[in-house]
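Observations on the three-dimensional arrangement
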Amino acid sequence: MATASTATPLSSNSHRRLLLLSLLFILCFSSDKGFALRAGGEEEALQTHHHTVQLSSLLPASTCTPSTQEKKGKASVKVVHWHGPCSTLKQKEATAPTPAQILSHDQSRVKSIQSQVNSGRSKIDYSQAATLPAKSGSSIGSPNYIVTVELGTPKEDFSLIFDTGSDLTWIQCQPCAVSCYKQKDPIFNPSLSKSYKNVTCDSSQCSLLTSATGNEPRCSTSTCIYGIKYGDRSSSLGYFASETLTLTPTDVFPGFLFGCGENNTGLFNGAAGLLGLGRDKLSLISQTESKYGKYFSYCLPSTSSGTGHLTFGKGGISGNPKFTTLSINPQGPSFYFITIIAIKVSGKILPISQSVFTTAGTIIDSGTVITRLPPGAYTPLKTAFRQQMTKYRLTYPLSILDTCYDLSNYTTVTIPTISFYFAGNTEVPLDLSGILYVASPSQVCLAFAGNGHASDLGIFGNVQQQTLDVVYDVAGGKLGFGPGGCS
């Protein structure tokens, strides 16, 4: 698969153009070969600022192809696409969500996150929910990626959604006092683990739930009870507890605080629960700070048939990632805020004022699928992309995606490159898989959507993060991007 190329510095381009013009001048007067050289120069420019690939390479494969860049021997766990052939949670085609359903669920998540940042978390309304606290946290949406970790003594494997937009880690637990959704792994039975302990109501640990879930904890006799309800009505309620978490044979964390859910509903589609990677004190990142220093990275595979990694600590970083600044917004302190300063399409910076991006701000989120841009940024992006795609026939929109093409009559397609610039003039060229969202050969869409209002929070989604090593130096206040982190 072709990859985006970084723009050549202006001085090098100028020198190159001067040399090319000189050669053309000489050759045009000596033979007809000058015209061939000119055409070659245009072809080179096309290759520099475009991806040319086989259409078949954009379609999901039926067999698992593990990445060759797996971080073996590091504090790392494998990342797989929820609905791909590498996943143990893969559903039958008839029951798997359609692209339109995935995007609809994604929009629910985005609206929930934007509402949370705009107005802060909702408080508990106990009068309206005898079993669950009121809305809090972001929507689950359609999370694409899962990891497998081990919990308990003896330890058991559990496949969890990993989410930088959530803080509390929780899994389903026996007995399911009210309701448990279907999951592939056996449901965790705390009575069989030698290291399980409930957290008491009067402990300082119990009080941490307020910021992690947006709801104050409740009590059952002396035991701390957590409850979290997401924006799409997915939810988990149960005992707040500590347990031994095992990430790798050498990375073991006794006393890890998590939710042991006995009443769980929602769009989890077979996962055992959720792994919270936000900034709160109860997140996995904070609870493992003494070992990893709040430093982690991940790479999301380019297709659902590939694998990536979630790696903790600096030891797993290879290459030379480019860093930008992470910031904090008091209205959404758990989210990872970044600053977009420009977008480049096919080698040209789009005419977008930086104030367009800073009006509402932007977060990076592993659980949001499609990047959301302010209207003042999305419209120029869409326009420039369409201008480069006039060869192909536009077709009907797909849910929130309004720039879609029917490529069913092509075996090879040529797509313009797209790069994002972040604070510090950090350029991040997107992989082709971060530019297109493929529902079928007859519906291939630009993988970006515009927000309804300039005041809506922007989100850099997981499609655009594919194949990049995304490096979170939380303690250092930096976010890095490295190319070719996984295939």
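For the structure itself, look to the data block above.
Residues numbered from 1 in each chain as written. Predicted model: local features only at pLDDT ≥ 70, side-chain atom pairs only at ≥ 80, totals over all residues. Heavy atoms only, no water.

Turning our attention to the sheet that holds strand E21 (residues 404-406). The antiparallel open sheet is built from four strands, whose spatial order is E20-E21-E26-E25. Looking at which strands have only one partner, the edges of the open sheet turn out to be strand E20 (393-395) and strand E25 (436-440). Between one strand axis and the next, the sheet turns through 35° on average, direction left out of account. One ladder, built from three bridges, connects E20 with E21; its direction is antiparallel. Across the sheet, residue Arg 393 finds its bridge partner in E21, namely Asp 406. (Pairing = 2+ DSSP bridges. Helix = DSSP H or I, 4+ residues; strand = E, 2+ residues; numbered from the N terminus. Axes fitted to C-alpha atoms, helices over the stretch in contact; angles between N-to-C directions.)

Looking at the element boundaries, Arg 279 is found in the loop between strand E11 (273-276) and helix H6 (284-287). By relative accessible area, Arg 279 is classed as buried at 15%. As for Arg 279 and Ser 334, which are separated by 55 residues in sequence, their C-alpha atoms are 4.5 Å apart. Ignoring sequence-local partners within four residues, the contact set of Arg 279 consists of Asp 167, Ser 286, Leu 326, Ser 327, Ile 328, Pro 333, Ser 334, Phe 335, Tyr 336 and Val 474. (Buried < 20%, exposed > 50% of the residue type's maximum accessible area, 1.4 Å probe, protein only. Contact = heavy atoms within 4.5 Å.)

Attention shifts here to the packing of aromatic side chains. Aromatic ring pairs: the centre-centre distance and the angle between the two ring planes describe each pair. Scanning all chains against the criterion turns up 19 aromatic pairs. Feature note: the residues Phe 162, Phe 296, Tyr 298, Tyr 336 and Tyr 472 constitute an aromatic cluster, connected by ring pairs. Over the aromatic face of Phe 323 sits the side chain of Lys 478, whose NZ or CZ is 4.6 Å from the ring centroid. (Phe/Tyr/Trp six-rings, centres within 6.5 Å; stacked < 30°, edge-to-face > 60°. Lys NZ or Arg CZ within 6 Å of the ring centre and 35° of its normal.)

With that out of the way, let us pick up the sheet that holds strand E17 (residues 348-349). Pairing between sheet strands relies on hydrogen bonds along the backbone, with the strands arranged either parallel or antiparallel. Taken together, the four strands give an open sheet; going across it, the order is E17-E16-E23-E24, and neighbouring strands pair in antiparallel fashion. The open sheet has two free edges, formed respectively by E17 and strand E24 (426-429), since each of these has just one partner strand. With five bridges joining them, strand E16 (residues 340-345) and strand E23 (residues 418-422) adopt antiparallel strand pairing. Bridge pairing links Ile 343 to Phe 420 in E23. Together, E16 and E23 form the strand contacts of helix H9 (residues 375-388), whose direction differs from that of E16 by roughly 15°.

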